Amino acid sequence: MENSDENDSNSSVSCSTDSSLCLALPDGEVTDRNAGNGNGNSGNDNGNGNSGNNGNGNDNGNGNDNGNSNGFSLPEPSAEAYDIAWGKWNNPIDNNWVVVQQLEDELVQISTSNYFAELNTAPVANLRGNHSYTTGIASSFIGSGNVGDVDSLLAAMDVDFDNGTISHGSLEILSGGQSWTVGFDRLVNKGQVDLNMNNGQLMDASGVISNSIGGDLGGVFTGIKGEAFVGGFDLIDEINTLNRVDGLYTIER
């Protein structure tokens, strides 16, 4: 694997956009925060006044503040929860597609033409059952294409760990006004994923640009129980090879 002189950078970019393609939050706003709605009843001090006339006085200055904060916390972004370090190559790789490389023990590196991620893999051999993975509010992504950065990303797939199959995979990427949509399926092999694209389309505001999408998909599961999947994509329009997009993303079950 060439690129020994690249400098790794840790950068977490959350799945985000106001586009109809994305289910997540605005860029850079995935950190936890509390959205509390304080319904404070300030100052209901019901005093029975015995001065002069018998009256029930409401002293609004010296009351009991019964503030009820019904807040919620956003989940920790999966890129942080599972110690995923990712960033952009200083020197992009030509035609690298998606490469998953074992670095040491359980540490692997996922590479695309312009991006990389390093993470620990899940013990997939111990996982059982059927699970659906999809984009959620904890999901993250990073990527770009020839017309701009990736603005939003949606991904999903069904995994049967008992027989090692992946089905109903889908990936939708919005980059600079271009919408890439691909489907995929295939197998889980020793924690890594060998994905096969089975259809693809590129569109913009004018309509369909291309139905001939090439490239590569791949990734690994992470977490003690395979709670998350880190995927890489490197796509190209085979009609106009100037149209391309690549990057990384997370989805959770």
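Provided above is the structure to which this section pertains.
Residues numbered from 1 in each chain as written. Predicted model: local features only at pLDDT ≥ 70, side-chain atom pairs only at ≥ 80, totals over all residues. Heavy atoms only, no water.

Asker: Describe the overall build of the protein chain, and please don't skip the residues or the numbers.
Answerer: Helix and strand content of the protein chain: 1 helix and 16 strands. The buried share among the 253 residues of the protein chain stands at 43%. Here the protein chain has roughly 12900 Å² of accessible surface; of this, 41% comes from carbon and sulfur atoms. (Helix = DSSP H or I, 4+ residues; strand = E, 2+ residues; numbered from the N terminus. Buried < 20%, exposed > 50% of the residue type's maximum accessible area, 1.4 Å probe, protein only. Areas by Shrake-Rupley, 256 points an atom, 1.4 Å probe, with all protein chains shown as cover.)

Asker: Can you tell me about the pairing of strand β16 (residues 244-252), naming the residues and giving the values?
Answerer: Counting buried positions over the 9 residues of β16 gives 8, a clear majority of the element. Both strand β8 (residues 141-145) and β16 contribute to a ladder of 5 bridges, which runs antiparallel. Paired with Phe141 across the bridge in β16 is Tyr249. Note that strand β15 (residues 228-237) and β16 share 9 bridges and pair antiparallel. Within β16, the position partnered with Gly232 by the bridge is Leu248. The antiparallel pairing of β15 with β16 creates a hairpin that spans 6 residues between the two strands. (Pairing = 2+ DSSP bridges.)

Asker: Run through the side chain of Glu118, naming residues and quoting values.
Answerer: Mapped onto the elements, Glu118 comes out in strand β6 (residues 115-120). Buried charge without a partner: Glu118 forms no salt bridge, and the closest opposite charge is Lys88, 18 Å away. There is a polar contact of 3.1 Å between the side chain of Glu118 and the side chain of Gln109. (Lys, Arg positive; Asp, Glu negative; His and termini not counted. Salt bridge = Lys/Arg side-chain N within 4 Å of Asp/Glu carboxyl O. Polar contact = N/O pair within 3.5 Å; in protein donor to acceptor, adjacent residues only side chain to side chain.)

Asker: Mind laying out the packing of aromatic side chains, listing which residues take part and the relevant values?
Answerer: Within the structure shown, the criterion is met by 6 aromatic pairs. In textbook terms, an aromatic cluster arises when at least three aromatic residues are bridged by ring pairs, as seen for Tyr133, Phe161, Phe221, Phe229, Phe233 and Tyr249. (Phe/Tyr/Trp six-rings, centres within 6.5 Å; stacked < 30°, edge-to-face > 60°.)

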